[in-house]
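# Descriptive analysis of the structure
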Amino acid sequence: MNTDDITLFWDRLTKINAGFLGTKSGTARPVPMSHALRDDDSTIWFITARDTDLAEAVEHDAAAATYVVAEGDNGLYATIHGELTQNNDAALRDELWSTVADSWFEGGKDDPQVCILGLRPERAEIWLTTTSGLSFAYNVLRAQVTGKQPDMGSHGEASGEELAAVRLSP
């Protein structure tokens, strides 16, 4: 994937609310999770409870994990593979905290069950599609008239280094 596509990937990921996160070993089955992104790193962050399969899977060591997002309205479909870890930094928790997270924990951000997980992408397979229903319809109609396959966007893979380089570039 080129730099423009990877930039578009990060931009569209910020507009998506959730995906499915699970460990590759299967100790934590894929479950719906909301994610958060910070401007100064390429880690994808999650807030969960300490007693979930995901948190328990990485309580002592990192685990290989996969995060899958599919959002037609934003034209992003991706499978993101990486290393999932726990982070117990209170300042990070405070930065990531949201009203959505607050609704899950009776004690708010100081609830002892709050657990921050970070997925550091090692590679991703990404599909970027047209985001407008009208644009999609036009491409399909044009393909029918011309007999050529419609241009539905781009597809490719990006390494963790490529993803981080684009995310961290000024």
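Each remark here, short or long, concerns the structure printed above.
An account of the accompanying structure is given in this report. The shown structure was predicted, so the numbers you read here are calculated from the model rather than taken from an experiment.

### Describing helix H1 (residues 3-14)
With 12 residues, H1 extends 17 Å between its outermost C-alpha atoms, agreeing within 8% with the 16 Å of an ideal straight helix rising 1.5 Å per residue. Of the residues making up H1, those classed as buried are Asp5, Ile6, Phe9, Trp10, Arg12 and Leu13. All buried residues of H1 fall inside an arc of 170 degrees around its axis, so they share one side. The exposed residues of H1 that point more than 90 degrees off its buried face are Thr3 and Asp4. Taking the backbone nitrogen of aspartate 4 as reference, a side-chain oxygen 3.0 Å away marks asparagine 2 as the first, capping residue of H1.

### Some thoughts on the environment of leucine 37
Mapped onto the elements, leucine 37 comes out in strand E3 (residues 36-37). With a relative accessible area of 21%, leucine 37 lands in the partly exposed category. Note: C-alpha distance between leucine 37 and leucine 96 (59 residues apart in sequence) is 8.3 Å. Residues within four places of leucine 37 in sequence aside, it is in contact with Trp10, Leu13, Thr14, Thr43, Ile44 and Arg167.

### A short note on the pattern of salt bridges
A full pass over the atoms with the stated rule returns eight salt bridges. Here aspartate 40 ties to arginine 38 by a salt bridge, and the two come within 3.3 Å at their closest N and O atoms. Looking at aspartate 40, the relative accessible area reads 51%, which means it is exposed. Judged by relative accessible area, arginine 38 falls into the buried class, the value being 16%. Lysine 109 is the partner of aspartate 94 in a salt bridge, and the nearest nitrogen-oxygen pair spans 3.6 Å. Within this pair, whereas aspartate 94 is found in helix H3 (residues 90-96), its partner lysine 109 is found in the loop between helix H4 (99-102) and strand E7 (114-129), the two being separated by 15 residues in sequence.

### What about the environment of glutamate 125?
The residue glutamate 125 is located in strand E7 in this model. Glutamate 125 gets classed as partly exposed once you look at its relative accessible area, which sits at 24%. Along the primary structure glutamate 125 and alanine 164 are separated by 39 residues, whereas in three dimensions their C-alpha atoms are 15 Å apart. Sequence-distant contacts of glutamate 125, defined by excluding residues within four places in its chain, comprise Tyr77, Ala78, Thr79, His155, Gly156 and Glu157. At a separation of 2.7 Å, a polar atom in the side chain of glutamate 125 contacts the side chain of histidine 155.

### Remarks on the pairing of strand E4 (residues 44-49)
Most of E4 sits out of view: five of its six residues are buried. Relative to E4, E3 is paired through two bridges, and the arrangement is antiparallel. Directly across from leucine 37, in E4, lies its bridge partner isoleucine 44. Hairpin connection between E3 and E4: a loop of six residues separates the two successive antiparallel strands. Here six bridges tie E4 to E7, and the two strands are oriented antiparallel to one another. Considered in E7, the bridge of tryptophan 45 is made with glycine 118.

### Describing the packing of aromatic side chains
One pass over the structure, following the stated rule, counts three aromatic pairs. Judged by centre distance (5.9 Å) and plane angle (45 degrees), the ring pair of tryptophan 97 and phenylalanine 105 falls under tilted.

### Description of the packing of H1 against helix H6 (residues 160-168)
Taken N-terminus to C-terminus, the directions of H1 and H6 make an angle of 75 degrees; their axes are 9 Å apart at the nearest point. When the axis of H1 is compared with that of H6, the two are roughly perpendicular. Here Thr3, Ile6, Thr7, Phe9, Trp10 and Thr14 of H1 come into contact with H6, specifically with Glu162, Leu163, Val166 and Arg167. Counted by class, the contact of H1 with H6 contains five nonpolar, three polar and two charged residues.

How each quantity is defined
Within each chain, residues carry numbers counting from 1 in the order of the written sequence. Only residues with pLDDT of at least 70 get local features here, since the model is predicted, and only at 80 or more are side-chain atom pairs given and counted; chain-wide, interface and lining totals rely on the full set of residues. Calculation of side-chain values draws on the structure's entire complement of heavy atoms; hydrogens and water are dropped beforehand. Secondary structure elements follow DSSP: runs of H or I no shorter than four residues count as helices, runs of E no shorter than two count as strands, and numbering proceeds from the N terminus. Here, expected helix span is obtained from the residue count minus one, scaled by 1.5 Å. Categorising residues by exposure relies on relative accessible area from a 1.4 Å probe, with only protein chains included: less than 20% of the type maximum marks a residue as buried, more than 50% marks it as exposed, and the intermediate range marks it as partly exposed. The arc refers to the directions leading from the helix axis to the C-beta atoms. Between N or O atoms, a polar contact is any pair within 3.5 Å; within protein, one atom must be a potential hydrogen donor and the other a potential acceptor, and residues adjacent in sequence are included only when both atoms are from side chains. Here a residue-residue contact requires only that any non-hydrogen atoms of the pair lie within 4.5 Å. Salt bridge, as used here, is a side-chain nitrogen of Lys or Arg placed within 4 Å of a carboxyl oxygen of Asp or Glu. Two strands qualify as a pair provided that DSSP identifies no fewer than 2 bridges between them. Stacked, edge-to-face and tilted are the three classes for Phe, Tyr and Trp ring pairs, Trp counted by its six-membered ring, which pair at centre distances within 6.5 Å; planes under 30 degrees apart are stacked, over 60 edge-to-face, the rest tilted. Lines fitted to C-alpha atoms define the axes, with helix axes restricted to the stretch in contact, and inter-axis angles between N-to-C directions lie between 0 and 180 degrees. Roughly parallel refers to an angle under 35 degrees, roughly antiparallel to one over 145, roughly perpendicular to one between 65 and 115, and oblique to any angle outside these ranges. Classes in brief: Ala, Val, Leu, Ile, Met, Phe, Trp, Tyr, Cys and Pro nonpolar; Asp, Glu, Lys and Arg charged; the others, Gly included, polar.

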